[in-house]
Amino acid sequence: MTALAGRTRGLYAGNTRAVVARGLLATKSNNWLIIVSGFFEPVFYLLSLGIGFGAIVGTVQTSTGAEVPYAAFIAPALLAVSAMNGAVYDSTWNVFFKLHYAKLYQGMLTTTLGPLDVALGEIMLALLRGALYASGFMIIMQVLGLNLSWTAILALPAVLIIAFGFASLGMAITSYLKTFQQMDWVNFVMLPMFLFSATFYPISVYPQAIQWIIQALPLWHGVELIRGFTTGSLDAMVWVHLGYFGLMIGIGILVTTRRLRKLFLN
Amino acid sequence: MPAPVITASSLVKKYDDFTAVAGIDFDVAPGESFGLLGPNGAGKSTTMRMIGAVSTRTSGELSILGLDPNLHGPDIRSQLGVVPQQDNLDLDLRVRDNLLVYGRYFGLPRTQIAERADELLEFAQLSDRKAAKVDELSGGMKRRLTIARALINDPRILLLDEPTTGLDPQARHILWDRLFRLKERGTTLVLTTHYMDEAEQLCDRLVVVDKGQIMAEGSPASLIREYSSREVLEVRFGSDKNSEAAERVAGIGERIEVLPDRLLIYSNNGEAELEKITKLGLHPITSLVRRSSLEDVFLRLTGRSLIE
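Going by what an unreviewed UniProt entry lists, chain B is known as Lipooligosaccharide transport system ATP-binding protein and is assigned to Microcella alkaliphila. Word for word, the UniProt comment on chain B under Subcellular location (unreviewed entry) is "Cell membrane".

The name given to chain A in an unreviewed UniProt entry is Transport permease protein, with Microcella alkaliphila as the source organism. Among the UniProt annotations of chain A, the heading Sequence similarities (unreviewed entry) holds the following wording: "Belongs to the ABC-2 integral membrane protein family."

**Q** Provide a residue-level description of the packing of aromatic side chains, including the pertinent values.
**A** Throughout the structure, instances matching the rule amount to 18 aromatic pairs over all chains. Between Phe40(A) and Phe44(A) the ring centres are 5.8 Å apart and the planes differ by 25°, which places this aromatic pair in the stacked class. Here Phe40(A) pairs with Phe44(A), and both are found in helix H3 (residues 32-57), just four residues apart, close to one helical turn. Residue Phe40(A) is classed as partly exposed on the basis of its relative accessible area of 34%. Between Phe166(A) and Phe245(A), the ring centres sit 6.2 Å apart and the planes meet at 55°, which makes this aromatic pair tilted. Of this pair, Phe166(A) sits in helix H7 (residues 155-174) while Phe245(A) sits in helix H11 (residues 237-264), placing them 79 residues apart in sequence. For the pair Phe166(A) and Phe245(A), one class covers both residues: buried. Put simply, the rings of Trp93(A), Phe96(A), Phe97(A), Tyr101(A) and Phe180(A) pair up and form one aromatic cluster. Positioned above the aromatic ring of Tyr266(B), the side-chain terminus of Arg255(B) is 4.2 Å from the ring centre.

**Q** Explain the confidence of the model for chain A to me, and be specific about the residues and the numbers.
**A** Summing up the model confidence of chain A, the mean pLDDT is 88 and the portion of residues at 70 or higher is 95%. When mean pLDDT is compared element by element in chain A, helix H10 (residues 218-231) of chain A scores highest at 96, while helix H1 (residues 2-9) of chain A scores lowest at 52.

**Q** Give me the lowdown on the interface of chain A and chain B, citing residues and values where you can.
**A** At the junction of the two partners, chain A supplies 28 residues and chain B supplies 28 residues. For the pairing of chain A and chain B, the buried interface totals around 2400 Å² over both sides, and the portion due to carbon and sulfur atoms is 52%. Among the residues chain A hides against chain B, the three largest losses belong to Thr110(A), Thr112(A) and Asn266(A). Together they make up 24% of the total. Inspection of the region where chain A meets chain B yields two salt bridges. Of the charged contacts in the structure, one is a salt bridge between Arg22(A) and Asp92(B), with a shortest N-O distance of 3.2 Å. For the pair chain A and chain B, the interface holds 10 residue pairs in polar contact (both at pLDDT 80 or more). Of all the elements in the fold, those that place two or more residues in the side of chain A that touches chain B are H1, helix H2 (16-27) and helix H5 (104-108) of chain A. Grouping the constituent residues of the side of chain A that touches chain B by class yields 11 nonpolar, 12 polar and five charged.

**Q** An account of helix H6 (residues 115-143) of chain A is needed here, citing residue identities and associated values.
**A** With 29 residues, H6(A) extends 42 Å from end C-alpha to end C-alpha; this agrees with the ideal 42 Å at 1.5 Å per step. Taken from the residues just after H6(A), Gly145(A) is the one with a positive phi, measuring 70°.

**Q** With reference to specific residues and values, describe the packing of H10(A) against H11(A).
**A** Residues and elements named next belong to chain A. Look at H10 against H11: their axes get within 9 Å of each other, and the N-to-C directions meet at 135°. Between H10 and H11, the angle is such that the two are oblique. For the element pair H10 and H11, the recorded crossing hand is left-handed. Note on element contacts: H11 touches H10 through Met237, Val238, Val240, His241, Leu242, Tyr244, Phe245 and Met248, opposite Pro218, Trp220, His221, Gly222, Glu224, Leu225 and Phe229. When grouped by side-chain class, the residues that make up the contact of H10 with H11 number 11 nonpolar, three polar and one charged.

**Q** So what about the UniProt feature "domain: ABC transporter" (unreviewed entry) in chain B? Which residues, and what values?
**A** Summarizing the sequence annotation, UniProt attributes the feature "domain: ABC transporter" (unreviewed entry) to residues 6-236 of chain B in the numbering used throughout. Segment residues 6-236 of chain B splits into 37% helix and 28% strand. End C-alpha atoms: 44 Å apart.

**Q** Which residues make up the side chain of Ser33(B), and what are the values?
**A** Take Ser33(B): it is sitting in strand S3 (residues 33-37). Beyond its immediate sequence surroundings of up to four residues, Ser33(B) is in contact with Lys183(B), Leu189(B), Leu191(B), Leu202(B), Cys203(B), Asp204(B) and Arg205(B).

**Q** Can you break down the domain arrangement of chain B residue by residue, with the values?
**A** Segmenting chain B into domains produces domain 1 (6-219) and domain 2 (229-291). The straight-line distance from the C-alpha centre of domain 1 of chain B to that of domain 2 of chain B is 39 Å.

**Q** I'd like to hear about the environment of Asp97(B), residue by residue, with values.
**A** Residue and element names in this part refer to chain B. Among the structural elements, Asp97 can be located in helix H3 (residues 95-105). Residue class for Asp97 comes out partly exposed when judged on its relative accessible area of 23%. Taking C-alpha positions, Asp97 is 9.5 Å from Ala114, a pair spaced 17 residues apart along the chain.

**Q** An account of the sheet that holds strand S1 (residues 6-15) of chain B is requested, with residue identities and associated values reported.
**A** In any sheet, the strands associate via hydrogen bonds between backbone groups, in a parallel or an antiparallel arrangement. Residue and element names in this part refer to chain B. Judged by pairing direction, the sheet is antiparallel, and its three strands sit side by side in the order S2-S1-S4 without closing on themselves. Every interior strand has two partners, whereas the edge strands, strand S2 (18-28) and strand S4 (59-64), have only one. Direction aside, the axes of adjacent strands within the sheet are offset by 25° on average. Pairing geometry for S1 and S2, over eight bridges, is antiparallel. The residue of S2 that forms the bridge with Lys14 is Thr19.

**Q** So what's going on with the confidence of the model for chain B? Which residues, and what values?
**A** All names here are of chain B. When pLDDT is averaged along chain B, the result is 90, and 98% of the positions lie at 70 or above. No element of chain B has a lower mean pLDDT than helix H9 (residues 242-249), at 82, and none a higher one than H3, at 97. Scored by ipTM, the complex comes to 0.84, with pTM at 0.87.

**Q** Give a detailed account of a nonpolar patch on the surface, specifying residues and quantitative values.
**A** Residues and elements named next belong to chain A. Where nonpolar side chains cluster on the molecular surface, the patch consists of Trp32, Val36, Phe40, Phe44, Leu47, Ile51, Ile139, Val143 and Leu144 and spans about 870 Å² of accessible area. Sorting the residues of the nonpolar patch by element identifies H3 and H6 as the ones contributing at least two each. Among the elements that take part in the nonpolar patch, H3 stands out by supplying six residues, more than any other.

**Q** Tell me what's going on with the UniProt feature "transmembrane region" (unreviewed entry) in chain A, and back it up with residues and numbers.
**A** Residue and element names in this part refer to chain A. Sites flagged by UniProt as "transmembrane region" (unreviewed entry) map to residues 32-56, 68-89, 123-144, 150-173, 185-203 and 236-256. Note that residues 185-203 is 63% helix and 0% strand, and that its end C-alpha atoms are spaced 25 Å apart. Taken end to end, residues 236-256 has its terminal C-alpha atoms 31 Å apart, with 95% of it in helix and 0% in strand.

About the cut-offs
Residues numbered from 1 in each chain as written. Chains lettered and ligands numbered in written order. Predicted model: local features only at pLDDT ≥ 70, side-chain atom pairs only at ≥ 80, totals over all residues. Heavy atoms only, no water. UniProt positions renumbered as here; feature names shortened; annotations may be inferred. Phe/Tyr/Trp six-rings, centres within 6.5 Å; stacked < 30°, edge-to-face > 60°. Helix = DSSP H or I, 4+ residues; strand = E, 2+ residues; numbered from the N terminus. Buried < 20%, exposed > 50% of the residue type's maximum accessible area, 1.4 Å probe, protein only. Lys NZ or Arg CZ within 6 Å of the ring centre and 35° of its normal. pLDDT = per-residue confidence, 0-100. Contact = heavy atoms within 4.5 Å. Buried area = accessible area lost by both parts, 1.4 Å probe. Salt bridge = Lys/Arg side-chain N within 4 Å of Asp/Glu carboxyl O. Polar contact = N/O pair within 3.5 Å; in protein donor to acceptor, adjacent residues only side chain to side chain. Nonpolar A, V, L, I, M, F, W, Y, C, P; charged D, E, K, R; others polar. Expected span 1.5 Å × (residues − 1). Axes fitted to C-alpha atoms, helices over the stretch in contact; angles between N-to-C directions. Parallel < 35°, antiparallel > 145°, perpendicular 65-115°, else oblique. Left-handed = near helix turned anticlockwise from the far one by under 90°. Domains from an automatic or database assignment. Pairing = 2+ DSSP bridges. Patch = residues over 30% accessible without salt bridge, like charges linked within 9 Å, V, L, I, M, F, W, Y side chains within 5 Å. Areas by Shrake-Rupley, 256 points an atom, 1.4 Å probe, with all protein chains shown as cover.

Here you go:
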């Protein structure tokens, strides 16, 4: 019993802020161009597809039955993608590098920090980047008149939850990867998820079986959640989406913490 | 004698089928400089990780500062300074920031860390490089910064895993000087090394470790006295002729070791043994008489060289 208490106490020192502070200080020396480029990707999609393609398509029906202009249909999806990109980039590539090359976590865990402090701190940083991308994107949406309802303001906290989910799971998965080749799998999963998660057209175009697969993936829940808020067309599914991300966050943090302990405190 | 700061008894660490540490016993007294000497793969680093409370023992007992690392990992780590075998400085941060951020990991107050960071930069002779990027530092400077970083929490024990491996001779001497000053101030040092000169310079007492077990224990001088002669005569006859010559010189000195490139003849008077060899009509290409070192102790104990 005391052994168990000792082990749990070793997990968390309540000092996540030291990890976050380190990350913010380190960002100063990072290449800002790379950070900014991640933001522009969905913006370019919005401009080319939303404005250009949208002129031909006209309006599209959302899953809740509302008719909205094409640009207003894909903009929230791209917002969710933006949050995902920021969070995943930080929690996979950056974490992988710190894990295997910079030996950063090894150094952190020889101090009083516990694996949960490290996991939470790194996830916070990924989340911050996701939030930064998403806020910029929201501003562009507002300027282009693509926020159709006051509920759009709720898209901001929703984006944080989405980024939190992707960052937690991303870090958990990264803790199992050993080579850069394996890291490519992350991109291999991200691209089709980006293209097919009811991002550019309603999910109803797919046969039922495909729809189930899409609905099992996290991005679809993110897209639907944000789209509900920015178009103001909401239903009870909001809770399902939030529940999905709650689960994703919980599992991600649990697995990451266990992995860090196994890797550095075995 | 004051209570030891580290006590290990029958300490074992296994990874699956591989036994890295196979039951070792030792004590470290406060203020002592204690060394683990052995070749690569002897289990030194694993032992250090267990002392550092970042690796759980498979069996046996271990007490660090009176605490069990299985139960009090963070409490123990807050009182330790760790210098790992490979530098893991934060390359995204500048020299002084490395110290500040590391201090924050321990949850220490900012003002206290800032003051201490400047003292430590002075101690590590890096004050003029405090705004430099870590990558711009030489190997020796990085090592000194790692040591400064390990001291940010004013640790009671400093753990150093192969502190000077890979450094040039001048950088090593600077580092030894710094470590010696710490020792003079009363910091307990625990270090691993496979350099006998390092062990002789820094350790009050050491254990010779091989294949996860302790082969011998004592001060460098007492180990040399016990396991070797006062002097060693090294003679080279050329690669092909060493073993042939070894047969002819048999009986000279107390003991002879045949290495691929030379013969080691252990004796209390090396010059006298060399004379005997020349009288036999043998003419070594080179000959050298030197004092016995821990390398000789290791060779005697294990039949192998420290650096392979």
